[in-house]
Amino acid sequence: MKYTQLGRTGLKVSRLVLGTMNFGPQTDEANSHTIMDAALGAGINYFDTANVYGWGDNKGRTEEIIGTWFAQGGGRRDQTVLATKVYGNMAGDGDPWPNHDRLSALNIRRAVDASLKRLQTDYIDIYQFHHIDRRTPVEEIWQAIDVLIAQGKILYAGSSNFPGWKIAQTNETAHRLGSYGLVSEQCLYNLAERRAEMEVIPAAQEYGLGVIPWSPLHGGLLGGVLKKAATEGRRASGRSADALANSKVREQVQAYEDLLDKHGLEPGEAALAWLLTRPGVTGPIVGPRTADQLASAIRAVELDLSEDLLTSLDEIFPGPGPSPEAFAW
């Protein structure tokens, strides 16, 4: 495994991030533990989760699975850089009481204590805002975060799904208040969805945030979806199915798969390797449902994509260009 600094921090993290969203809904506890053991054994030290993972009536279940894995000991917690998130509503359906979601100081305080309990740990390395909160003043959010840092409950704060302007506003406010500010941004970013290059990634680079792309295969679209449909009868679903309904996108994906077949590369591994070449990217989040999927993701770290191949990928999936040139001059 290869490692890098997380943004401007002194924290060293693996170039792949283990995403845990499937733990619980699609992967049972025993197999989730097997995947985490395999990830740690391969050198992946950055694990990402969220308080709402588990979804529906099982919100928090994913954190619980990670917690029982930590409880096995063997240095698991000490070797893991743990990131979780706050924002989503943790109350049951139909609960009439407010303050169970977003980024008020009250919800942040309650949410972090609940996450610590489920995770069976006394601190979280990176506590992330899962979405922007248009109702809560940024000053209030930093006041709550600074209290948690002083209490030793969290070490750093990060963001997810923030636009560029919000990254700037949040860190400028932190600077004014004497707070450390955001250290990472998780954003939707992959070969087929490159709009983050316009403003989100430049803002992250300017303020020293590590970029953590989520959905690096765009819901399976970049994982050989057409070949799997032809040879295995596996139909696309979710985001990839929606995208393939567009004839232009289908042509792009076919050209992508043909190009990588010519180079003898697996599409999913190449898509991850491409992200690792992008400026500002710390490492993409991979969310394996099985140990075999994890092994495939790990192979991507060793891939060395040639300049000719990178140029060809840009031709198939051109980026939007920088802002404002992407939409003005």
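Residues numbered from 1 in each chain as written. Predicted model: local features only at pLDDT ≥ 70, side-chain atom pairs only at ≥ 80, totals over all residues. Heavy atoms only, no water.

A short note on the packing of helix 10 (residues 247-262) against helix 13 (residues 307-316)
Moving on, step 1. The geometry of helix 10 relative to helix 13 is characterised by a closest axis approach of 10 Å and an angle of 165 degrees between their N-to-C directions. Taken together, the axes of helix 10 and helix 13 lie roughly antiparallel to each other. Between helix 10 and helix 13 lies a crossing of right-handed hand. Residues Gln252, Ala255, Tyr256, Leu259 and Leu260 of helix 10 form the contact with helix 13, whose participating residues are Leu309, Ser312, Leu313 and Ile316.
Moving on, step 2. Among the residues forming the contact of helix 10 with helix 13, the class breakdown is seven nonpolar, two polar and no charged. (Axes fitted to C-alpha atoms, helices over the stretch in contact; angles between N-to-C directions. Helix = DSSP H or I, 4+ residues; strand = E, 2+ residues; numbered from the N terminus. Parallel < 35°, antiparallel > 145°, perpendicular 65-115°, else oblique. Left-handed = near helix turned anticlockwise from the far one by under 90°. Contact = heavy atoms within 4.5 Å. Nonpolar A, V, L, I, M, F, W, Y, C, P; charged D, E, K, R; others polar.)

Concerning the pairing of strand 9 (residues 210-214)
One face of the sheet, then the other: side chains in a regular strand alternate in exactly this way.
Moving on, step 1. Counting buried positions along strand 9 gives four out of five residues, so the element sits mostly inside the fold.
Moving on, step 2. Two elements, strand 8 (residues 182-188) and strand 9, share five bridges in a ladder whose sense is parallel. Following the sheet pairing, Gln186 is matched in strand 9 by Ile212.
Moving on, step 3. With respect to chirality, the unit in which strand 8 leads through helix 7 (residues 200-206) into the neighbouring parallel strand 9 is right-handed. (Buried < 20%, exposed > 50% of the residue type's maximum accessible area, 1.4 Å probe, protein only. Pairing = 2+ DSSP bridges. Right-handed = clockwise from strand over helix to strand, strands pointing away.)

Describing the confidence of the model for the chain
Moving on, step 1. For the chain, the average pLDDT comes to 96, and 100% of its residues sit at 70 or higher.
Moving on, step 2. Here helix 9 (residues 238-244) stands out as the least confident element of the chain, with mean pLDDT 84; strand 6 (residues 124-129) is the most confident, with 99. (pLDDT = per-residue confidence, 0-100.)

Comments concerning the pairing of strand 8
Moving on, step 1. Judged by how many residues are buried, strand 8 sits mostly within the fold: six of seven residues are covered.
Moving on, step 2. Where strand 7 (residues 154-160) meets strand 8, three bridges bridge the pair, whose relative direction is parallel. Among the inter-strand pairings, Ser160 is bridged to a residue of strand 8, identified as Gln186.
Moving on, step 3. In this fold, the crossover linking strand 7 to strand 8 by way of helix 6 (residues 164-177) has right-handed handedness.

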